[in-house]
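Tertiary structure, described
Each chain, letter by letter, is given below.
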Protein chains: 2
Amino acid sequence: MFVRITADSTPRPNSLRDLGMTSDSNALVSLSQFTYKKGSEIYGEREPAEYVYQVTSGAVRSYKLLSDGRRQIGAFHLAGDIFGLENGNEHRFTTEAIVDTTVRLVRRQSLEMVAESDAMVARNLLSMTTNNLQHAEDHMLLLGRKTSLERVAAFLLEMDGRLTASGVMALPMSRRDIADYLGLTLETVSRALSRLHEVGALGFVGNTQRQIVLLDRHKLASLDLQP
Amino acid sequence: MFVRITADSTPRPNSLRDLGMTSDSNALVSLSQFTYKKGSEIYGEREPAEYVYQVTSGAVRSYKLLSDGRRQIGAFHLAGDIFGLENGNEHRFTTEAIVDTTVRLVRRQSLEMVAESDAMVARNLLSMTTNNLQHAEDHMLLLGRKTSLERVAAFLLEMDGRLTASGVMALPMSRRDIADYLGLTLETVSRALSRLHEVGALGFVGNTQRQIVLLDRHKLASLDLQP
DNA sequence: CGCCTGGTTGACCCAGTTCAATAGCAGTGG
DNA sequence: CCACTGCTATTGAACTGGGTCAACCAGGCG
């Protein structure tokens, strides 16, 4: 009933290459690789959007800041995810590598040019944007109306769906990152995780420090915790 | 510095007719009108998305519900706004007329068909979706990290930008609607408005009951209140 | 006029924040 | 190999912004 916040209901292109290489437009856009160190910025909010990125390995956070330092993480990008696809000329988030991360990148312009002539590429762009929109819409509900426990449970289920086939996962992000994603403080996140652990919905493997988490979806589902 | 949450930075199609009637595709999609009574549902979440709508006059709220009744309004749609444009086959929100509202509507399918062959229509669809995404992203920051006063101030500025040239506006929605949009309770919204009134950032004209509001942008801006 | 709906205001309460102490690891370098 | 430093995470205790509950008030309308 909960499962799959970032609905993959619509089939979507899962690689930049898929986006660029189609039907007759053989102009496959130039791909290069790059590696960012843990904690380093990939691009800043309001910077001109020159590239579109796909995570090859690692993890990325994208966020907005208020001038007094309050931070809201809008999304985590994991292996396979495409990000930086603002259509408009500026990035609307700052992005940073959460751990050492390598990305593939494409010039935005070349992508747009291809999209102009290739309807399929255009459709894929729209579909990706729609997926992002859907995620943001669901996240608004979470941020506006869910309790701390519901938020953390939703987060675990989302990550479980994205990080692994099922069951065990190594969360790359810190408690603070999780908190800023969920609109909470890191203490509240920690407490919620402890509670879920007590209740047995959740196990820790090699204990502590960027943990491996074992998730019991059924237990979690049977807790109350809104869709 | 705050001004324009729903950035109109990108030029965007401001009518369904704009979307359908372009270059060579003379197949202008069929337009019809319809009027919804105050409070009536236009479509429900998870319903098949058959039409795309544009508000001719009136106002619409679109929201998600949790099973226990908690509600999050994702957006208000005012005269000129297009909504119901989920690309995907289901609506992701429930929408209701806030006051008596007339809309124009287009079959989604015919729009999609046109988009298939007309790059400009396709681009407009993408641009509209991107605008929605941007609004949602900004709203996540508001819901996750802003104080009640900041939220209400942001709401007033947004509405001021959308409802009128500047200064006076008649809010069509109730305190409860505003609260569910901002992730607050109606009492908190009421208190915040009172505080802004005391401080002189805000005046009421024909007093109370779906008020006309007079907004002093400068006063509001000079209060603290994050971008 | 009297009901009904929506808005305001007050008093109290609590979920989540803030502040603070403690502890587990990961380096680092002697 | 172990001491030392610097994280990050957990947990407790006290505090508070916004929620809850409740009284009251102002129109609009039959």
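Residues numbered from 1 in each chain as written. Chains lettered and ligands numbered in written order. Predicted model: local features only at pLDDT ≥ 70, side-chain atom pairs only at ≥ 80, totals over all residues. Heavy atoms only, no water.

This next bit is on the interface of chain B and chain A. Contact residues are listed per partner, giving 40 residues for chain B and 40 residues for chain A. With both chains or domains summed, chain B and chain A bury close to 3800 Å², and 59% of this area falls on carbon and sulfur atoms. Area buried by chain B at its contact with chain A is led by Arg92, Met140 and Arg145 of chain B, which between them contribute 20% of it. Between the two partners, chain B and chain A, sit 10 salt bridges. (Contact = heavy atoms within 4.5 Å. Buried area = accessible area lost by both parts, 1.4 Å probe. Salt bridge = Lys/Arg side-chain N within 4 Å of Asp/Glu carboxyl O.)

Now for the side chain of histidine 139 of chain A. Residue position: histidine 139 of chain A is located in helix α3 (residues 119–145). Reaching out from histidine 139 of chain A, the side chain makes a polar contact with the backbone oxygen of tyrosine 181 of chain A at a distance of 2.8 Å. Residue contacts for histidine 139 of chain A: discarding those within four places in its chain leaves Gln72, Ile73, Tyr181 and Leu182 of chain A together with Met140 of chain B. (Helix = DSSP H or I, 4+ residues; strand = E, 2+ residues; numbered from the N terminus. Polar contact = N/O pair within 3.5 Å; in protein donor to acceptor, adjacent residues only side chain to side chain.)

What follows concerns the relation of the copies chain B and chain A. When chain B is fitted to chain A, the residual RMSD is 0.0 Å, and the transformation amounts to a turn of 180° plus an axial shift of 0.0 Å. Look at the turn and shift together and you get a two-fold axis relating the two. (Least-squares fit on C-alpha atoms with pLDDT ≥ 70 in both.)

In this section: the pairing of strand β5 (residues 71–78) of chain A. Taking burial as the measure, the 8 residues of β5 of chain A include 8 buried ones, the bulk of the element. Between strand β4 (residues 59–65) of chain A and the antiparallel strand that follows it, β5 of chain A, lie 5 residues; glycine 69 of chain A among them carries a positive phi value of about 100°. (Buried < 20%, exposed > 50% of the residue type's maximum accessible area, 1.4 Å probe, protein only. Pairing = 2+ DSSP bridges.)

By nearness alone, 20 residues border DNA strand D, and Arg175, Ser190 and Ser194 of chain A together with Thr188 and Arg191 of chain B come closest of all. Of all atoms in DNA strand D that approach within 4 Å of the protein, 67% are sugar or phosphate atoms. Contact between DNA strand D and arginine 175 of chain A: a phosphate oxygen at 2.7 Å from a side-chain N or O atom of the residue. A distance of 2.8 Å separates a phosphate oxygen of DNA strand D from a polar atom in the side chain of serine 190 of chain A. (Near = heavy atom within 4 Å.)

Residues and elements named next belong to chain B. Here 4 strands make up an open sheet; going across it, the order is β1-β8-β3-β6 and the pairing antiparallel. Each edge of the open sheet carries a strand with a single partner, namely β1 (32–36) and β6 (82–83). Relative to strand β8 (residues 101–107), β1 runs antiparallel, the two sharing 5 bridges. When the bridges of β8 are listed, glutamine 33 appears paired with arginine 104. Packed on one face of the sheet, helix α2 (residues 108–117) meets β3 (51–57) and β8 and runs near 50° to β8. (Axes fitted to C-alpha atoms, helices over the stretch in contact; angles between N-to-C directions.)

For the rest of this paragraph, the subject is unusual backbone geometry. Residues and elements named next belong to chain A. Phi angles above zero are rare outside glycine, and arginine 46 is one such case at about 75°. Locating arginine 46 in the fold gives a position in the loop between β2 (41–43) and β3 (51–57). For arginine 46, a relative accessible area of 58% translates into the label exposed.

Our next topic: the packing of helix α4 (residues 148–163) of chain A against helix α5 (residues 175–182) of chain A. All names here are of chain A. With their axes 10 Å apart at the nearest point, α4 and α5 run at an angle of 110° to one another. Here α5 runs roughly perpendicular to α4, going by the angle between their axes. Contacts from Arg151, Val152, Phe155 and Glu158 of α4 reach α5 at Ile178, Tyr181 and Leu182. By residue class, the composition of the contact of α4 with α5 is 5 nonpolar, no polar and 2 charged. (Parallel < 35°, antiparallel > 145°, perpendicular 65-115°, else oblique. Nonpolar A, V, L, I, M, F, W, Y, C, P; charged D, E, K, R; others polar.)

Read these as layout, nothing more, since geometry by itself doesn't imply function.
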